[in-house]
Amino acid sequence: MEKLKIATAQFENKSGDKAYNLSVIEKLAKEAATGGSKVITFHECSITGYTFARKLSREQMLDLAELIPDGPSILRLTEIAEKYDITILAGLFERDIEGNLFKAYVCVDKNGLLAKHRKLHPFINPHLSPGNSYTVFDIHGWKCGILICYDNNVIENVRATVLLGANIIFMPHVTMCTPSTRPGAGFVDPQLWYNRENDPTSLRLEFDGMKGREWLMKWLPSRAYDNGIYAIFSNPIGMDDDQLKNGCSMIIDPFGDIVAECRTFEDSLVSTTLIPEKLKQAGGYRYTKARRPDLYRSILGQGHQPELNVVWLNSEEDK
């Protein structure tokens, strides 16, 4: 492997407005390519919008979702990738020919679709089916994986993707600033966003506090550190339907250090160069080598009924 410059982006998407969202993706892809990046990654459902989907019927979801790789959004992403000679990762809702619905995230280059991951733990709409496989593929000689939002909170998913060979895991999210049983969690008042030019300080305190970045720092760097990988995190900034999101798109190296992070309230990107030598220098490489599967093979493989409980979503349904 050789050094690889990667960008991660954040932007305020518009719900259901694929043309607008793809126009922003193109603008930021051009900026990344001009700056020398070979790859740019965007947030979960960056093409379609995300949180508004909790209100959609099955018929509305089918209208919003697309076939992959033949849908118009994948074809448009391919055009953008070819135009700027950059690999692009972005998310949307997928439908298959049988009418099943999935939360998908794709990787596209100038030749078309490189990879597709279906979210293993979807919850935003009851008509979504879970994906049932991990995703590992090559970008410029680097082994890459994809895990979408909640997929990363189940730590076994990250380790499994690493054991399949991933050196980089793309972690697209729409997260933070929602209520939880965790102390300090909660929504951020949208009025702070609309008043951000007059009072950026109050908004930044909310975004960086326990509702947002402080919570992220409890677990995200450890995914990179424990597994000795590059974690590429992307998240929207601004309003996603009626919820305010705080961005913080970032790249974390195998030592668990943040090496690049979006810190504005704007549609923006940051980039950094990935260093192959770090993969073996980091402690996570040694820890995975020291594993003793004989101790826990039967424990990890024992029967278990999955239970997905998203507190903010379930509390809405109870009203």
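This write-up is about the structure you can find in this document. Predicted model, so just to flag it, every value in this text is computed and none were measured.

### Regarding the packing of helix α1 (residues 18-34) against helix α3 (residues 72-84)
Step number 1: Direction vectors running N to C along α1 and α3 enclose 20°, while the axes themselves pass 10 Å from each other. Classified by the interaxial angle, the pair formed by α1 and α3 is roughly parallel. In the packing of α1 onto α3, the handedness of the crossing is right-handed. The segment α1 lies against α3, with Lys-18, Leu-22, Ile-25, Glu-26, Ala-29, Lys-30 and Ala-33 engaging Ser-73, Arg-76, Leu-77, Ile-80, Lys-83 and Tyr-84.
Step number 2: Residue composition of the contact of α1 with α3, by class: seven nonpolar, one polar and five charged.

### Here's the deal with the packing of aromatic side chains
Step number 1: Scanning the entire structure with this criterion turns up seven aromatic pairs.
Step number 2: Geometrically, the ring pair formed by Trp-193 and Phe-265 is edge-to-face, given 6.3 Å between the ring centres and 75° between the ring planes. Residue Trp-193 is found in helix α5 (residues 190-194), and its partner Phe-265 is found in the loop between β13 (258-261) and β14 (268-274); the two are separated by 72 residues along the sequence. Taken individually, Trp-193 and Phe-265 each receive the classification buried, so the pair is uniform in this respect.
Step number 3: Ring-pair connections join several aromatic residues into one group, and the members of that group are Trp-193, Phe-207 and Phe-265.
Step number 4: Geometry around Tyr-20 places Lys-14 over its ring, the cationic atom sitting 4.1 Å from the centre.
Step number 5: One Lys or Arg, Arg-118, reaches over the ring of Phe-102 and ends 3.7 Å from the middle of that ring.

### Points about helix α8 (residues 220-227)
Step number 1: Of all the positions in α8, only Leu-220, Pro-221, Arg-223, Ala-224 and Asn-227 are classed as buried. For α8, the angular spread of the buried residues around the axis is 160°, confining them to a single face.
Step number 2: Contacts from the buried residues of α8 go to α4 (155-163), β8 (168-172), α7 (213-216), β9 (230-234), β12 (250-252) and α10 (283-289).
Step number 3: Remark: Gly-228 follows α8 within two positions and exhibits a positive phi of approximately 65°.

### Comments concerning a nonpolar patch on the surface
Step number 1: A contiguous nonpolar surface patch, about 250 Å² in accessible area, is contributed by Tyr-134, Val-136 and Leu-164.
Step number 2: When you line up the elements, Tyr-134 lands in the loop between β5 (112-118) and β6 (136-139).

### What about the pairing of strand β3 (residues 87-95)?
Step number 1: With eight of nine residues buried, β3 is to be regarded as a mostly interior element.
Step number 2: By the bridge criterion, eight bridges tie β3 to strand β4 (residues 101-109) in an arrangement that is antiparallel. For Leu-92, the partnering residue across the bridge sits in β4 and is Ala-104.
Step number 3: Between β3 and the antiparallel strand that follows it, β4, lie five residues; Gly-99 among them carries a positive phi value of about 90°.

### What to know about the layout of surface pockets
Empty space among the atoms becomes apparent when a probe as large as a water molecule is rolled across them.
Step number 1: Here the largest pocket defines a volume of roughly 1,000 Å³.
Step number 2: Around the largest pocket sit 30 residues that line it, and Tyr-134, Val-154, Ile-155, Glu-156 and Asn-157 are the ones nearest its centre.
Step number 3: Mapped by element, the contributors of at least two residues to the lining of the largest pocket are α4, α8 and α11 (293-300).
Step number 4: Take the lining of the largest pocket: its biggest share by element is six residues, from α4.

Criteria and thresholds
Residues numbered from 1 in each chain as written. Predicted model: local features only at pLDDT ≥ 70, side-chain atom pairs only at ≥ 80, totals over all residues. Heavy atoms only, no water. Axes fitted to C-alpha atoms, helices over the stretch in contact; angles between N-to-C directions. Helix = DSSP H or I, 4+ residues; strand = E, 2+ residues; numbered from the N terminus. Parallel < 35°, antiparallel > 145°, perpendicular 65-115°, else oblique. Left-handed = near helix turned anticlockwise from the far one by under 90°. Contact = heavy atoms within 4.5 Å. Nonpolar A, V, L, I, M, F, W, Y, C, P; charged D, E, K, R; others polar. Phe/Tyr/Trp six-rings, centres within 6.5 Å; stacked < 30°, edge-to-face > 60°. Buried < 20%, exposed > 50% of the residue type's maximum accessible area, 1.4 Å probe, protein only. Lys NZ or Arg CZ within 6 Å of the ring centre and 35° of its normal. Arc of directions from axis to C-beta. Patch = residues over 30% accessible without salt bridge, like charges linked within 9 Å, V, L, I, M, F, W, Y side chains within 5 Å. Areas by Shrake-Rupley, 256 points an atom, 1.4 Å probe, with all protein chains shown as cover. Salt bridge = Lys/Arg side-chain N within 4 Å of Asp/Glu carboxyl O. Pairing = 2+ DSSP bridges. 1 Å grid on protein atoms, 1.4 Å probe; cavity = no way out; pocket = protein on both sides within 12 Å on 5 of 7 lines; lining within 4 Å. Points joined across faces, edges and corners; volume = space filled by probe spheres on them.

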